[in-house]
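# Structure at a glance
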Amino acid sequence: MVMDDTRGQLFTVEGFVAALVVLSSVIFALTVTAATPLSASTSNQHLETQLAATAESLLDVARANGTLRPTVLYWDDTRGTFHNASAKGYYLSCRVDTALGHQLEDRLERRGTTCNVNIRYVATNGVIRTEKLVYVGEPTDNAIRVTNTVTLYDDDRLRQSDETLSNTTLANATRFYAPDVSPGRLYNVVEVEVITWRM
Amino acid sequence: MADVSPVFARRETDRGQLLLLTGLGLAALLVMLALVLNAVIYTENVATRDSAGGETIDVGRYESTVLDTTRTIIIAENGIQNPTFTDKVANLSTQLADWSNLSALHGAGDATVRTVTLNETVKGTRLTQQSVTQVTNGGGAENWTMAESTGGIGHFTLAVNRSALVHISDPNPTAADLENESVFSITFANTSETDTVFIYDYGGITLRTESSDGTNSTCAAADTVAVIGFVNATLDGSRCAALEGPATLTDGVTIRFSNGHSVTGAYTVVIVGDPKDPSIGFATTPSSEPIIYEATVDIQYLAPGITYENVDVRVSGGSWP
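The residue numbering used here restarts from 1 in each chain and proceeds along that chain's sequence as written. Chains carry letters and ligands carry numbers; both start at the beginning, A for chains and 1 for ligands, and go up in the order they are written. Two thresholds apply to this predicted model, a pLDDT of at least 70 for residue-level local features and 80 or more for giving and counting side-chain atom pairs, whereas whole-chain, interface and lining totals are computed over all residues. Side-chain numbers here rest on the full set of heavy atoms in the structure, without hydrogens or water.

### Observations concerning the overall build of chain A
Selection criterion: Where helices and strands are cited, they refer to DSSP runs of H or I of at least four residues and of E of at least two residues respectively, numbered from the N terminus. The globule rule used for comparison is 2.2 Å times the number of residues to the exponent 0.38, while the radius of gyration itself is calculated over C-alpha atoms. Residue exposure (1.4 Å probe, protein chains only): buried if accessible area is under 20% of the type maximum, exposed if over 50%, otherwise partly exposed. Contacts are assigned to residue pairs with any non-hydrogen atoms lying within 4.5 Å of each other. Values of accessible area rely on a 1.4 Å probe in the Shrake-Rupley scheme; residue burial ignores everything except the protein chains shown. We treat Lys and Arg as the positive residues and Asp and Glu as the negative residues; His and chain ends play no part in the count. We put the charge of a Lys on NZ, of an Arg on CZ, of an Asp on CG and of a Glu on CD.
The secondary structure content of chain A amounts to four helices and eight strands. Helices (α) and strands (β) of chain A occur, in sequence order from the N terminus, as α-α-α-β-β-α-β-β-β-β-β-β. In terms of overall size, chain A is more extended than a compact globule, its C-alpha atoms giving a radius of gyration of 29 Å where 199 residues would be expected to give roughly 16 Å. Every one of the 199 residues in chain A was classed for burial, and the buried ones make up 46%. Taking the contacts inside chain A whose residues are at least 6 apart along the sequence as the reference set, 67% of them involve residues at least 24 apart. A total of about 10,100 Å² of accessible surface is found on chain A, and carbon and sulfur atoms cover 53% of it. When the 18 positive and 23 negative side-chain charges of chain A are each reduced to one mean point, those points stand 6 Å apart.

### Notes on helix α4 (residues 85-109) of chain B
As a reminder, the rule being used: Helix span is expected to be 1.5 Å times the residue number reduced by one.
Here α4(B) spans 37 Å end to end across 25 residues, near enough to the 36 Å set by a 1.5 Å rise per residue. With its phi angle positive at about 60°, Ala111(B) sits one or two positions after the end of α4(B).

### Considering the pairing of strand β5 (residues 194-201) of chain B
The two faces of a sheet get side chains in turn, since along a regular strand they alternate between them. Residues and elements named next belong to chain B. Quick note on the threshold: Here a strand pair is declared whenever DSSP counts at least two bridges between the two strands.
The buried count for β5 comes to seven of eight residues, which makes it a mostly enclosed element. Bridging between strand β4 (residues 184-189) and β5 involves six bridges; their strand directions are antiparallel. For serine 185, the partnering residue across the bridge sits in β5 and is phenylalanine 198. Remark: four residues form the turn of the hairpin made by β4 and β5, two consecutive strands paired antiparallel. Where β5 meets strand β6 (residues 205-211), seven bridges bridge the pair, whose relative direction is antiparallel. Paired with tyrosine 200 across the strands is threonine 206, a residue of β6. Hairpin remark: β5 followed by β6, antiparallel, with three residues in the connecting loop; positive phi at glycine 203, about 70°.

### Looking at the environment of Val61(A)
Structurally, Val61(A) is set in helix α2 (residues 45-64). Between the alpha carbons of Val61(A) and Met199(A) there is a distance of 24 Å; along the sequence they are 138 residues apart.

### As for the pattern of salt bridges
Heads up, the condition is: Criterion for a salt bridge: a side-chain nitrogen of Lys or Arg within 4 Å of a carboxyl oxygen of Asp or Glu.
Inspection of the entire model under this criterion finds 21 salt bridges over all chains. Between Arg63(A) and Asp68(B) there is a salt bridge, with its nearest N and O atoms 3.3 Å apart. In this pair, Arg63(A) is assigned in helix α2 and Asp68(B) in helix α3 (residues 51-79), connecting two distinct chains. With relative accessibility at 22%, the residue Arg63(A) sits in the partly exposed group. Across the salt bridge formed by Asp110(B) and Arg145(A), the nearest N and O atoms sit 3.4 Å from each other.

### Let's talk about the nonpolar core
Put simply, the rule reads: For this analysis, a nonpolar core means a set of buried residues of the types Ala, Val, Leu, Ile, Met, Phe, Trp, Tyr and Cys, connected via side-chain atoms within 4.5 Å.
Membership of the largest hydrophobic core comes to 39 residues, with the highest contact counts inside it found for Val72(A), Phe82(A), Tyr91(A), Val117(A), Leu152(A), Phe176(A) and Tyr177(A). At the level of elements, α2, α3 (68-72), α4 (99-107), β3 (113-122), β4 (128-134), β5 (144-153) and β8 (186-198) of chain A are the ones that each hand at least two residues to this core. For this core, the element with the highest residue contribution is α2(A), accounting for six residues. Residues within four places of Tyr177(A) in sequence aside, it is in contact with Val72(A), Trp75(A), Phe82(A), Ile119(A), Tyr121(A) and Glu131(A). One finds Phe188(B), Ala221(B), Leu235(B) and Ala242(B) within the second-largest nonpolar core, a separate group that totals 37 residues.

### Structural notes on the packing of aromatic side chains
A ring pair, where both rings are aromatic, is described by two values, the distance of the centres and the angle of the planes. The condition is simple: Aromatic contacts are taken between Phe, Tyr and Trp rings whose centres are within 6.5 Å, Trp giving its six-membered ring; a plane angle under 30 degrees counts as stacked, one over 60 as edge-to-face, and the others as tilted. A ring is considered to have a charge above it if a Lys NZ or an Arg CZ atom is located within 6 Å of its centre and within 35 degrees of its normal.
All told, the structure shown has 18 aromatic pairs over all chains when counted by the stated rule. Summarising the aromatic geometry, the rings of Phe176(A) and Tyr187(A) are spaced 6.1 Å apart at their centres and angled 65° between planes, so their arrangement reads as edge-to-face. Here the residue Phe176(A) occupies a position in the loop between β7 (165-169) and β8, and Tyr187(A) occupies one in strand β8, the gap between them amounting to eleven residues. The burial state of Phe176(A) is the same as that of Tyr187(A); both residues are buried. For the ring pair Phe184(B) and Phe257(B), a centre distance of 6.2 Å and an interplane angle of 15° mean the geometry is stacked. Here Phe257(B) lies in strand β11 (residues 253-258) and Phe184(B) lies in strand β4, a separation of 73 residues in the sequence. Note on Phe184(B): relative accessible area 0%, which makes it buried. By the ring-pair criterion, three or more aromatic residues cluster together here, those being Trp144(B), Phe156(B), Phe184(B), Phe188(B), Phe230(B), Phe257(B) and Tyr267(B). We note Lys132(A) situated over the ring of Tyr135(A); from NZ or CZ to the ring centre the distance is 4.1 Å.

### Overview of the interface of chain A and chain B
Where interface size is given, it is often the accessible area lost as the parts come together that is meant. Defined as follows: The term buried area refers to how much accessible surface (probe radius 1.4 Å) is lost by two components on association, counted for both of them together. Whenever a nitrogen or oxygen atom comes within 3.5 Å of another N or O atom, the pair is scored as a polar contact, on the condition that within protein one atom can donate a hydrogen and the other can accept it, and that pairs from neighbouring residues in sequence are kept only if both atoms are in side chains. Here the nonpolar group is Ala, Val, Leu, Ile, Met, Phe, Trp, Tyr, Cys and Pro; Asp, Glu, Lys and Arg are the charged ones; every other residue, Gly included, is treated as polar.
Taken together, the 45 residues of chain A in the interface contact 42 residues of chain B. Across the chain A/chain B interface, buried area totals approximately 3,700 Å², and carbon plus sulfur atoms make up 64% of it. At the boundary of chain A with chain B, the tally comes to four salt bridges. Across the pair Arg61(B) and Asp60(A) runs a salt bridge whose closest N-O atoms are separated by 2.8 Å. Between chain A and chain B we count nine residue pairs in polar contact (both at pLDDT 80 or more) in total. Secondary structure elements with two or more residues in the side of chain A that touches chain B: α1 (7-32), α2, β3, β5 and β8 of chain A. For the side of chain A that touches chain B, the element with the most residues is α1(A), which contributes 13 residues. Residues that form the side of chain A that touches chain B fall into these classes: 22 nonpolar, 14 polar and nine charged.

### Concerning the pairing of strand β14 (residues 306-316) of chain B
Residue and element names in this part refer to chain B. With nine bridges connecting them, strand β13 (residues 287-303) and β14 associate as antiparallel partners. In the sheet register, leucine 302 faces β14, and the bridge partner there is threonine 307. Between the antiparallel neighbours β13 and β14 lie two residues, among them glycine 305 with a positive phi of about 100°.

### Quick word on the state of the cysteines
Applicable threshold: By convention in this document, the label disulfide applies to cysteine sulfur atom pairs within 2.5 Å.
Under the counting rule described, the total for this entry stands at two disulfides over all chains. Here Cys94(A) pairs with Cys115(A) through a disulfide, and the sulfurs are 2.1 Å apart. Of this pair, Cys94(A) sits in the loop between β2 (81-82) and α4 while Cys115(A) sits in strand β3, placing them 21 residues apart in sequence. Residue classification places Cys115(A) among the buried positions, given a relative accessible area of 0%. Residue Cys219(B) pairs covalently with Cys240(B) via a disulfide, S to S 1.8 Å.

Right, dumping it as structure tokens:
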């Protein structure tokens, strides 16, 4: 009787192929699966949503209780910069010396997040320009951005360093960052933009 | 030659194929598991996003800004002394259009289209007596009609001096008694009700309201000067039951003063429409000035995923609703 002993090689090949297929499928499964909501990654959607809600409510409350406009007008017209700002003309942390700034520090900076605050205004040529109020650094990919609109009028008065009203109106200011782009009592329409992210 | 090898030996030749098939099956199972897991995670991710709600909030925030800005512009225009209602409306329209254009520039950067346009305005009149003097019309008459069937009373405050009021000794005088004593009074009347408010001195500044339904009510303040709020029903800052009846007569109301020589005071009244008495003008004492009582605007907000239009949104020109 002659035994056929070449099938052992075939068995081996089939075994290798089977292992290869299983291994490939395992690697494929591991690479295509996205991070779960319970992962500690900073791209967590829940955290971003919560951060956006915090920033939006902060600006809405500031608008409602009248602390948003004083921050926009917290301008030293003599130096041509915000009061108590750094040599670069803007704050280097969220702790601006206004009521809104204190809220930014309390609700963002002290809770593991940081912020950039920009004031976007309309220039005389109709282009939107930006004046930095706070610049901490370059935001991460998962930073969120919220805005709130403030209307400025010719008779709005700048604030002093202690947030009290100064005698300088926007119509009289010489070095205010935003120009008077309307012939009437309207001065400009600015947007306060808060960009925040987790540190 | 016949195959006489055992049966189990013949079956062992299929073992490798079984191994391969099982491996293929496991691979397919793992791939399907990965796909299902991905679908679940993605679904939960999309479900927790706030994109639609966020756009709705932006619309609400924009509309709130529009209403605040429109009100601010109207109040500012009403505060500028200008005898021409047309000028005030034109200024409001121009400033609102400027604001809309500036706001639209910001919106362009966010891929949104935002516009607001002035729709209609309602003319009102502000009548003012700033100096503390007798409540007479421009010709000095003490019995005169300030407004007739006005569309509404937005504001009515009168500050009176106790020293100039008629002194009444009766703690519960009738309307006839008060009229006989030439006590100063203001009558608010519409088609269904008439309330007459008598103002005199009885141990203090006293208000007594006689209604056409036969009821009456009294309130008093001990100060030498008191501010009467007819729309808010207050006397010297406190709630006054005697004024609650007149306070409800705000539509189609005629306002008439009687015995204006029996009082000295200053007042501000805002009504819908024009005053009745032709002797009161922009440069007289008392004076009248046209104002924007209220306005309506049309708001439009377009963004990817949301189209919002709201027409005839009413904006009050002052502290009245």
